[in-house]
Amino acid sequence: MGQAEWARDLAKHLLEKPLPRRWAHTQGVAARAETLAPILGEEADLLTASAWLHDIGYSPELVDTGFHPLDGARYLRDVHQADGQLARLVAHHSCAVYEATERGLLEVLNEEFDRERPELVKALTYCDMTTSPDGLVLDVDARLAEIHSRYGSEHLVSRSITNATPCITSAVRAVQAALTDVRSGGTG
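Since this is a predicted model, take the numbers as computed values, not measurements.

The rules behind each value
- Residues numbered from 1 in each chain as written.
- Predicted model: local features only at pLDDT ≥ 70, side-chain atom pairs only at ≥ 80, totals over all residues.
- Heavy atoms only, no water.
- Helix = DSSP H or I, 4+ residues; strand = E, 2+ residues; numbered from the N terminus.
- Buried < 20%, exposed > 50% of the residue type's maximum accessible area, 1.4 Å probe, protein only.
- Contact = heavy atoms within 4.5 Å.
- Areas by Shrake-Rupley, 256 points an atom, 1.4 Å probe, with all protein chains shown as cover.
- Salt bridge = Lys/Arg side-chain N within 4 Å of Asp/Glu carboxyl O.
- Phe/Tyr/Trp six-rings, centres within 6.5 Å; stacked < 30°, edge-to-face > 60°.
- Lys NZ or Arg CZ within 6 Å of the ring centre and 35° of its normal.

Colleague: Could you give an account of the overall build of the protein chain, with specific residues and numbers?
Modeller: Within the protein chain one finds 11 helices and zero strands. Helices and strands in the protein chain line up, N terminus first, as α-α-α-α-α-α-α-α-α-α-α. Dimensions of the protein chain along its principal axes, counting C-alpha atoms only, are 45 × 40 × 30 Å. Buried positions account for 47% of the 188 residues belonging to the protein chain. The contacts of the protein chain with a sequence gap of at least 6 include a subset with a gap of at least 24, amounting to 68%. A total of about 8700 Å² of accessible surface is found on the protein chain, and carbon and sulfur atoms cover 52% of it.

Colleague: How would you sum up the pattern of salt bridges? Please name residues and give values.
Modeller: It is possible for side chains of opposite charge to pair when their charged atoms get near one another. Per the counting criterion, the structure on display carries 16 salt bridges. Close ionic contact of R117 with E43 constitutes a salt bridge, the shortest N to O distance being 2.5 Å. Linking R117 in the loop between α8 (106-112) and α9 (118-129) with E43 in the loop between α3 (37-40) and α4 (44-53), this pair joins segments that are 74 residues apart in sequence. On the basis of relative accessible area, R117 is assigned to the partly exposed category, the value being 33%. In this structure E43 comes out as partly exposed when scored by relative accessible area, which is 23%. Residue E146 is joined to R150 by a salt bridge in which the shortest nitrogen-to-oxygen separation is 2.6 Å. With E146 and R150 both in helix α10 (residues 140-151), this residue pair falls four residues apart, about one helical turn. Take E146: its relative accessible area is 18%, and that puts it in the buried class. Through salt bridges with shared partners, a single ionic network connects D64, R74, R77, D78 and E112.

Colleague: Quick one: what's the story with the packing of aromatic side chains, residue by residue and with numbers?
Modeller: Counted under the stated rule, the structure contains one aromatic pair. Stacked on the ring of Y58, the Lys or Arg R22 has its end atom at 3.7 Å from the ring centre.

Colleague: I'd like to hear about unusual backbone geometry, residue by residue, with values.
Modeller: A positive phi angle is found at S94, which is not glycine, with a value near 50°. In this fold, S94 is placed in the loop between α6 (84-92) and α7 (97-102). Although it is not a glycine, C95 sits at a positive phi angle of roughly 60°. With respect to the element layout, C95 can be found in the loop between α6 and α7. Note on C95: relative accessible area 8%, which makes it buried.

This is how it looks when you write it as structure tokens:
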């Protein structure tokens, strides 16, 4: 069984019944990750695995700090002794440092999990931030607006997303450019 298949089974176990909408989102994010194989090559399986696992920290079984990237990454590291790259991608997905700052957890996040290679973090951010809560593909601006609408302007997630917007949109645009380059036969 490959890393992505293991990750899918674990995410399904943790999310499908207690959080069916989060599970739908996760399935959509993983489907987006699979489309990035042309630009990721050998790292496609790692990205797909991280896509399956990026939101497991929302599982009621795992919630500790309330900061899902940290809770999910800790679970992967401590319970499953998962690949370090995988745990780091989950810990830092979708410009998580902004929410970590809002929650007073930035130092903890950075002490426990080094940042992963920017290309991989951007790819996971692209997958997450172009997928709706129901698992449908959507534009990054629509996704950001949806998050603000769901949480309300005063919620710390909305404040984090506001601060992270340049980071998120830059990541999405970089991946879109890489995909366009590959499709047009460019070398980057």
